Amino acid sequence: MMEFHATTIVAVRRSDRDICIGGDGQVTMGETSVMKHNAKKVRRIYKNTVLTGFAGSVADAFTLTERFEKKLEEHGGNLKRAAVALAQDWRSDKAIRHLEALMVAADRNSLLLISGNGEVIEPDQDFIAIGSGGNYAYAAANALYNNTDLGAEDIVRKALLIASSICVYTNDHISVEKLDEPEQAAAAGQALALPEGGGEDA
């Protein structure tokens, strides 16, 4: 049975206030058939404080993302501990052992690659790319990160566009997620907590 695959993901951290992850929109069935052009492969999870992106089987990746969010809840939002717990389950749990995907996760402190081999890798530099076009996107991100003053989102978008011009499994329908500034995140949390009427006494 043919599987649906989704590629390419790029993540960049310029600082704890400039973190972005993006992916192209192409979903391919088997080796040749493009089934979707505008799939979204990046998400904000755990109260919008963690960015995730996946490359691989679409259904498997969604299963892993849901499992990862549960691990974040169990570990109080600690990204590294949650990633290690997910990788351990991924390798040993019969229910998810055969899931085929790679995941990138980022928060204000860390950028991680999580694999089904039980590996959690933190790159030496704060950028990473995975998927069919990952090598092209990584080379582009490396050049842009180290030789320009571009912000994280611009690097992500440009790297994905370069990859899409080379890799047939990567297109230029790009979606990105960026972490809110801490002040914006705090304000959003306060707004959600307020009762109707703004919380003021009548």
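Refer to the structure above for everything that follows.
Criteria and cut-off values
- Residues numbered from 1 in each chain as written.
- Predicted model: local features only at pLDDT ≥ 70, side-chain atom pairs only at ≥ 80, totals over all residues.
- Heavy atoms only, no water.
- Helix = DSSP H or I, 4+ residues; strand = E, 2+ residues; numbered from the N terminus.
- Contact = heavy atoms within 4.5 Å.
- Areas by Shrake-Rupley, 256 points an atom, 1.4 Å probe, with all protein chains shown as cover.
- Core = buried A, V, L, I, M, F, W, Y, C linked by side-chain atoms within 4.5 Å.
- Buried < 20%, exposed > 50% of the residue type's maximum accessible area, 1.4 Å probe, protein only.
- Salt bridge = Lys/Arg side-chain N within 4 Å of Asp/Glu carboxyl O.
- Pairing = 2+ DSSP bridges.
- Axes fitted to C-alpha atoms, helices over the stretch in contact; angles between N-to-C directions.

## Some thoughts on the overall build of the protein chain
What the protein chain contains, in helices and strands, is five helices and 12 strands. When contacts within the protein chain are restricted to residue pairs at least 6 apart in sequence, long-range pairs at least 24 apart make up 61% of them. Here the protein chain has roughly 10,500 Å² of accessible surface; of this, 48% comes from carbon and sulfur atoms.

## As for the nonpolar core
In this structure, Val50, Phe68, Leu72, Leu79 and Ile114 are the most contacted members of the largest nonpolar core, which totals 19 residues. Every element with two or more residues in this core is listed here: β7 (50-57), α1 (58-74), α2 (79-92), β8 (101-106) and β9 (111-114). It is α2 that contributes the most residues to this core, six residues altogether. Once you skip the residues sitting within four places of it in the chain, leucine 72 turns out to touch Ile45, Tyr46, Val50, Gly77, Asn78, Leu79 and Ala82. Counting residues in hydrophobic clusters, the runner-up holds 17 residues, among them Val10, Ala152, Ala159 and Leu160.

## Quick look at the pattern of salt bridges
One pass over the structure, following the stated rule, counts 10 salt bridges. Note that lysine 178 and aspartate 18 form a salt bridge whose closest N and O atoms lie 3.6 Å from each other. Placement of lysine 178 in strand β12 (residues 175-178) and of aspartate 18 in strand β3 (residues 18-23) is noted, with a sequence separation of 160 residues between them. Overall, the relative accessible area of 32% leaves lysine 178 in the partly exposed class. Residue glutamate 177 pairs with lysine 40 through a salt bridge whose shortest N-O separation is 2.6 Å. A residue pair is termed long-range when its members are at least 10 positions apart, and glutamate 177 in strand β12 and lysine 40 in the loop between β5 (33-36) and β6 (42-45) qualify at 137 residues. Given the relative accessible area of 11%, glutamate 177 is considered buried. Looking at lysine 40, the relative accessible area reads 46%, which means it is partly exposed. A cluster of three or more residues bridged by salt bridges with shared partners is formed by Arg67, Lys71, Glu74 and Asp89.

## Some details on the environment of tyrosine 136
Within the element layout of this structure, tyrosine 136 appears in helix α3 (residues 134-147). When near neighbours in sequence (up to four residues on either side) are disregarded, tyrosine 136 contacts Ala163, Ile166 and Cys167.

## Quick word on the sheet that holds β12
What the four strands build is an open sheet, ordered β11-β2-β3-β12; its pairing is antiparallel. Each of the sheet's edge strands pairs with one partner strand only, and the pair in question is β11 (127-130) and β12. The mean inter-strand angle of the sheet, taken between neighbouring strand axes irrespective of direction, is 10°. Pairing of strand β2 (residues 9-15) with β11, which is carried by four bridges, proceeds in the antiparallel orientation. When the bridges of β11 are listed, isoleucine 9 appears paired with isoleucine 130. Sitting on the sheet, α3 touches β2 and β11, and the angle it makes with β11 is about 165°. Each of β2, β3 and β12 touches helix α4 (residues 152-164); the most contacted strand, β3, lies at about 20° to it.

What is shown is where atoms sit, not what they do.
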